[in-house]
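Structural overview
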Amino acid sequence: MAVVIETPVWEPSPALYVFIFFACLFSILFFPNASGTASSSASSAAKAPSLFDHGGSPTASSFRFQRNFLLLYSLASVMEGLWSVFGEFELAYYGLSKEKMVLYLCVGFAASISIGSLLGVVCDLIGPKKVCFFFCLLHLLVGLLKRIIPHPSVWMASICLSITSSVFSFGFETWMVVQHDEQGHRQDMLSETFWLMSFFESACLIGSQVFSNWLIGNNAERSMAAHSTAAIFLAAISLVCLTKGWKEIPHKVALKEYRASFRAYIVGDKRIWLLAWAQACLHFSVAVFWILWAPTIVADGREVHLGLIYPCFLGSRMLGSTVFPWLISGLSSLRTEDCLVYAFIVLGLVMSITAYDYQEVGMLVTLFCIFHAGLGVVLPSLARLRTMYVPNALRGGMISLSQAPANAAILLFLVQETSGHSKAAWEDLAVIVSALNWGGEPFTMANIKYLSWDPPSP
């Protein structure tokens with residue numbers, strides 16, 4: 001008689017979802033009142049502007065601009081999320097091995113290094129709206145390609161989607177900031193838009209996971225066509241929104257002039273070098289996390305429903321995003337550099353504990369949720385620092401070029417994964433390097449703060 005050994009299944013507690021939801025709700029609803037109390041109570045104008053304000057106030061056009069941009073950014077986030085969630089299922093459906101999947105990742109990161117790094121410069125030269133238009137066209141092309149020739153298009157899709165991910169990381173932010181200045185909106189709206197971008201992106205990634213699971217259903221072959229159709233539909237809507245949306249002031253910068261400006265304002269500024277280093281470390285650590293989080297959690301042998309854990313991470317990032325305005329303009333009113341110092345210390349401790357040894361599943365999920373909550377604070381903080389130190393005309397190139405070293409390091413790590421030699425050692429090394437990066441970031445922020453400090457005149 002055979003003996004059946006049941007493998008224990010680990011699932012996150014439903015109370016975790018409830019806590020994250022109500023914590024985000026509390027943070028969003030109560031922040032305007034807390035901010036208004038912290039500021040002067042002399043007039044009602046002291047109340048912080050809110051996305052949910054309505055009416056004919058003097059800043060109604062600013063709120064309208066913010067809502068329209070967040071709608072477009074949410075559509076782009078859903079498109080990115082659909083392919084990221086559906087991609088692994090698609091490769092497994094075609095019978096590709098794990099080594100083949102890693103090879104596709106290598107091709108994608110190689111495309112990000114060779115093409116994606118230069119698109120930021122192109123964005124500054126021809127205008128960010130055209131690059132965002134190119135982002136939507138690539139998604140439309142990939143959807144049409146998969147509808148026509150599904151399996152042979154995997155290589156092309158891997159390259160195109162890696163390029164769109166690169167564009168997504170800088171294109172929409174650059175366009176928003178440029179449009180914000182051209183239309184003369186209030187500067188304090190930028191910080192609010194930055195954390196709302198992180199919040200809505202995380203929410204849309206959760207929604208794209210739910211949507212992808214619904215599309216997959218029980219018929220895998222039918223879901224392939226349905227998923228491509230959904231991507232085509234979303235890309236078409238985004239193109240219409242881009243075409244009918246704000247008009248961009250035509251500008252074309254000469255390459256020689258751009259190089260001179262880049263050398264003077266980016267290469268010649270130590271603060272930008274430090275900020276670029278912080279962005280590269282962030283990009284590397286986040287990529288390493290998404291590659292290794294699933295193997296790390298299942299390392300103790302228990303069955304884990306990864307699809308139930310994924311929303312916890314993104315929900316934690318949403319919660320961290322709502323904490324950001326409390327830190328910079330609420331009751332505490334910290335400097336952005338100080339806010340990043342504290343966030344980086346927490347992230348460094350979390351990654352150090354993870355790098356030390358594999359933990360129990362519940363401990364790992366807790367640590368990873370704290371990690372993503374920290375990311376929710378770090379992402380809008382870095383965007384705010386870019387606004388403070390990086391000229392708008394050079395923003396796209398600075399972001400994309402700072403990601404090139406991180407993409408090269410990730411590619412090296414993936415190549416070692418495909419070679420089959422000492423995989424565990426390379427994975428441990430990648431986590432350790434991420435922990436060291438986070439541990440060194442507080443000193444980076446302290447140096448930026450020091451270089452930005454102007455001594456009082458005698």
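Residues numbered from 1 in each chain as written. Predicted model: local features only at pLDDT ≥ 70, side-chain atom pairs only at ≥ 80, totals over all residues. Heavy atoms only, no water.

**With respect to the overall build of the protein chain**
So the rule is basically this: A helix here means a DSSP run of H or I that spans at least four residues, while a strand means a run of E at least two residues long, and both kinds are numbered starting from the N terminus. Exposed residues in this analysis have more than 50% of their type's maximum accessible area, buried residues have under 20%, and partly exposed residues fall in between, with area computed by a 1.4 Å probe over protein chains only. By definition in these notes, contact holds between two residues if any of their heavy atoms fall within 4.5 Å. The method behind every accessible area is Shrake-Rupley, applied with a 1.4 Å probe, and residues are considered shielded solely by the protein chains displayed.
If you tally the helices and strands in the protein chain, you get 14 helices and two strands. Within the protein chain, the fraction of its 458 residues that count as buried is 52%. Long-range contacts, defined as pairs at least 24 residues apart, comprise 84% of the intrachain contacts of the protein chain with a sequence gap of at least 6. Of the roughly 21400 Å² that the protein chain leaves accessible, carbon and sulfur atoms contribute 67%.

**Some remarks on the packing of helix α4 (residues 128-148) against helix α5 (residues 154-182)**
Put simply, the test is: What counts as an axis is a line fitted to C-alpha atoms, over the stretch in contact for a helix, and the angles between N-to-C directions run from 0 to 180 degrees. Just so you know how the angles are binned, under 35 degrees is roughly parallel, over 145 roughly antiparallel, 65 to 115 roughly perpendicular, and the rest oblique. For a crossing to be left-handed, the near helix must be turned anticlockwise from the far one by less than a right angle; the clockwise case is right-handed. For this classification, Asp, Glu, Lys and Arg are treated as charged, while Ala, Val, Leu, Ile, Met, Phe, Trp, Tyr, Cys and Pro are nonpolar and the rest, including Gly, are polar.
The N-to-C vectors of α4 and α5 enclose an angle of 155 degrees; their axes lie 8 Å apart at closest approach. In terms of orientation, α4 lies roughly antiparallel with respect to α5. For the crossing formed where α4 meets α5, the hand is left-handed. Taken together, the residues of the contact of α4 with α5 break down into 19 nonpolar, four polar and two charged.

**Some points on the pattern of salt bridges**
A side chain with one charge may pair with a side chain of the opposite charge, provided their charged atoms come close. Condition: Within this document, salt bridges are pairs made up of a side-chain nitrogen of Lys or Arg and a carboxyl oxygen of Asp or Glu, the two lying within 4 Å of each other.
Per the counting criterion, the structure on display carries five salt bridges. One salt bridge in this structure joins E173 and R395, with 2.7 Å as the shortest N-O distance. Of this pair, E173 sits in helix α5 while R395 sits in helix α13 (residues 395-419), and the two are 222 residues apart along the sequence. Across this residue pair, the class does not change: E173 and R395 are buried. Where E201 meets R317, a salt bridge forms, and the shortest distance between an N and an O atom there is 2.9 Å. Pair noted here: E201 is in helix α6 (residues 188-216) and R317 is in helix α10 (residues 306-329), with a separation of 116 residues, a long-range link. Each member of the pair E201 and R317 is classed as buried. If you follow the salt bridges from partner to partner, you end up with E173, R386 and R395 in one network.

**Examining the nonpolar core**
For clarity, the threshold we go by: In these notes, a set of buried Ala, Val, Leu, Ile, Met, Phe, Trp, Tyr and Cys residues joined through side-chain atoms within 4.5 Å is what counts as a nonpolar core.
Among the nonpolar cores identified, the biggest contains 122 residues, and F172, I297 and F313 are the most heavily contacted of them. Among residues more than four places away in sequence, those in contact with I297 are V304, L306, I309, F313, V361, L364, V365 and F368. Among the nonpolar cores identified, the runner-up in size contains five residues, and L96, M101, Y104 and V154 belong to it.

**A closer look at helix α3 (residues 98-126)**
Quick note on the threshold: Every helix has an expected span of 1.5 Å times one less than the residues it contains.
With 29 residues, α3 extends 40 Å between its outermost C-alpha atoms, agreeing within 8% with the 42 Å of an ideal straight helix rising 1.5 Å per residue. Backbone geometry just after α3 places G127 at a positive phi near 110 degrees.

**Description of the side chain of Q179**
Its location among the elements puts Q179 in helix α5. Filtering out sequence-adjacent residues up to four positions away, Q179 remains in contact with F65, W246, K247 and E248.

**Side note on the side chain of E337**
Inspection of the secondary structure assignment puts E337 in helix α11 (residues 336-356). What makes E337 buried here is its relative accessible area of 1%. Dropping the residues within four chain positions of it, E337 is found in contact with L385, M388, Y389, M445, I448, K449 and S452.

**Description of the packing of α6 against α10**
Relative orientation and spacing of two packed helices are given, respectively, by the angle between their axes and the distance between those axes. Two elements in contact, α6 and α10, have axes whose closest approach is 9 Å; the angle formed by their N-to-C orientations is 170 degrees. With respect to each other, α6 and α10 are oriented roughly antiparallel. In contact with S191, W195, S198, F199, E201, S202, A203, L205, I206 and Q209 of α6, α10 contributes G307, Y310, P311, L314, G315, R317, M318, S321, T322, F324, P325 and I328. Residue composition of the contact of α6 with α10, by class: twelve nonpolar, eight polar and two charged.

**Side note on the packing of aromatic side chains**
The condition that has to hold: Between rings of Phe, Tyr and Trp, where Trp is taken as its six-membered ring, a pair exists when centres lie within 6.5 Å; planes separated by under 30 degrees are stacked, by over 60 edge-to-face, and by other angles tilted.
Enumeration over the complete set of coordinates arrives at 19 aromatic pairs. With 5.6 Å between their ring centres and 70 degrees between their planes, F289 and F313 make a pair best called edge-to-face. Here F289 is found in helix α9 (residues 270-297), whereas its partner F313 is found in helix α10, with 24 residues between them in sequence. Exposure remark for F313: the relative accessible area of 0% places this residue in the buried category. Counting every residue linked through ring pairs, the aromatic cluster contains F289, W290, Y310, F313, F368 and F371.

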